[in-house]
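Spelled out from the first residue to the last, the chains are:
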Amino acid sequence: MSSDIAKTPRRKPQQLRGEQRVATMLDAAAAVFAEAGYDAATMTVIAERSGSSIGAVYQYFPNKLALARALRERYGEEMAQRWSGVIADAGQVSVAALGERVIDLMVGFFDEHPAYFALMNATPGFRRSEESRYRLRAQLGAALREKKPELGQEEALRIANVALQIVKSLNPLYAQASTGERRELVAEYKLALAAYLKSRLHK
């Protein structure tokens, strides 16, 4: 079996009941990854947490990596939905407010999905596809063009990419910080992102 096949779910649910079972398995995996970390998590514990037999889990996921990959895909879909909301309101808010919303979006996602950091730091195999990374840049680029319509698409993508790198640099600091430190970090990053966006959008 090739490594690519090993990362792919064995089967996809064809009925609502199957979809619900997979969702329960992914919820259980998220809880176990958040509590134990990716390396220490086991398929057996995930199966027990989901209320499924280990055989049932293996019907859908051949290994832990496949489970983690499916969870990351789920997170990506949810993140895309959140970005859509930011883009929809971009034209009605100030540049500073747009920067704050971007940071708040990311921080809210981190807080709601504590398994995210466990998966992010697990292995290079969890790297998002180029398609998904481009989609995120394109979404933010579209929001920036809402703020400054005269921006060309290439320039907007470049600014979006730099802005996302600023946001991304918050990830490891946020993961390691205490609750109080996290609040301070978020405030600093909002200032940094707002300053950058203002300088590039001239507002």
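Bear in mind the structure is a predicted one, so any value in this text is a computation, not a measurement.

Turning our eyes to something else, we now look at the side chain of Q139. Position of Q139 among the secondary structure elements: in helix α8 (residues 130-147). Dropping the residues within four chain positions of it, Q139 is found in contact with A80, W83, S84 and I87.

Let us look at the packing of aromatic side chains. Going through the model one piece at a time under the given rule, you end up with eight aromatic pairs. Relative to F109, the ring of Y75 lies with its centre 5.5 Å away and its plane at 90°, an arrangement referred to as edge-to-face. Of this pair, Y75 sits in helix α5 (residues 64-89) while F109 is found in helix α6 (residues 95-112), placing the two residues 34 residues apart along the sequence. One exposure class covers both Y75 and F109, and it is buried. Their ring planes at 45° and their centres at 5.7 Å tell us that F110 and Y174 sit as a pair that is tilted. Here the residue F110 occupies a position in helix α6, and Y174 occupies one in helix α10 (residues 170-176), the gap between them amounting to 64 residues. For the pair formed by F110 and Y174, the shared burial category is buried. Counting every residue linked through ring pairs, the aromatic cluster contains Y75, F109, F110, Y116, F117 and Y174. Of note, K64 hangs over the ring of Y38, and the distance from its end group to the ring centre comes to 4.4 Å.

Mapped onto the elements, A36 comes out in helix α2 (residues 16-36). Among the residues examined, A36 registers a relative accessible area of 43% and is labelled partly exposed. As for A36 and A115, which are separated by 79 residues in sequence, their C-alpha atoms are 9.5 Å apart.

Oppositely charged side chains may form a pair once their charged atoms are brought near each other. Using the criterion set out here, one finds eight salt bridges in the structure. Between D27 and R74 there is a salt bridge, with the nearest N and O atoms lying 2.7 Å from each other. You can see D27 sitting in helix α2 and its partner R74 sitting in helix α5, a full 47 residues away along the chain. According to the relative accessible area criterion, R74 is partly exposed, its value standing at 26%. Measuring nitrogen to oxygen at the nearest pair gives 2.6 Å for the salt bridge that ties E78 to R82. Within this pair, E78 and its partner R82 are both found in helix α5, separated by four residues, close to a single helical turn. R82 sits in the partly exposed class, given a relative accessible area of 23%. Shared partners join several salt bridges into a network, and the residues in it are E78, R82 and E112.

Conventions used here
Residues numbered from 1 in each chain as written. Predicted model: local features only at pLDDT ≥ 70, side-chain atom pairs only at ≥ 80, totals over all residues. Heavy atoms only, no water. Helix = DSSP H or I, 4+ residues; strand = E, 2+ residues; numbered from the N terminus. Contact = heavy atoms within 4.5 Å. Phe/Tyr/Trp six-rings, centres within 6.5 Å; stacked < 30°, edge-to-face > 60°. Buried < 20%, exposed > 50% of the residue type's maximum accessible area, 1.4 Å probe, protein only. Lys NZ or Arg CZ within 6 Å of the ring centre and 35° of its normal. Salt bridge = Lys/Arg side-chain N within 4 Å of Asp/Glu carboxyl O.

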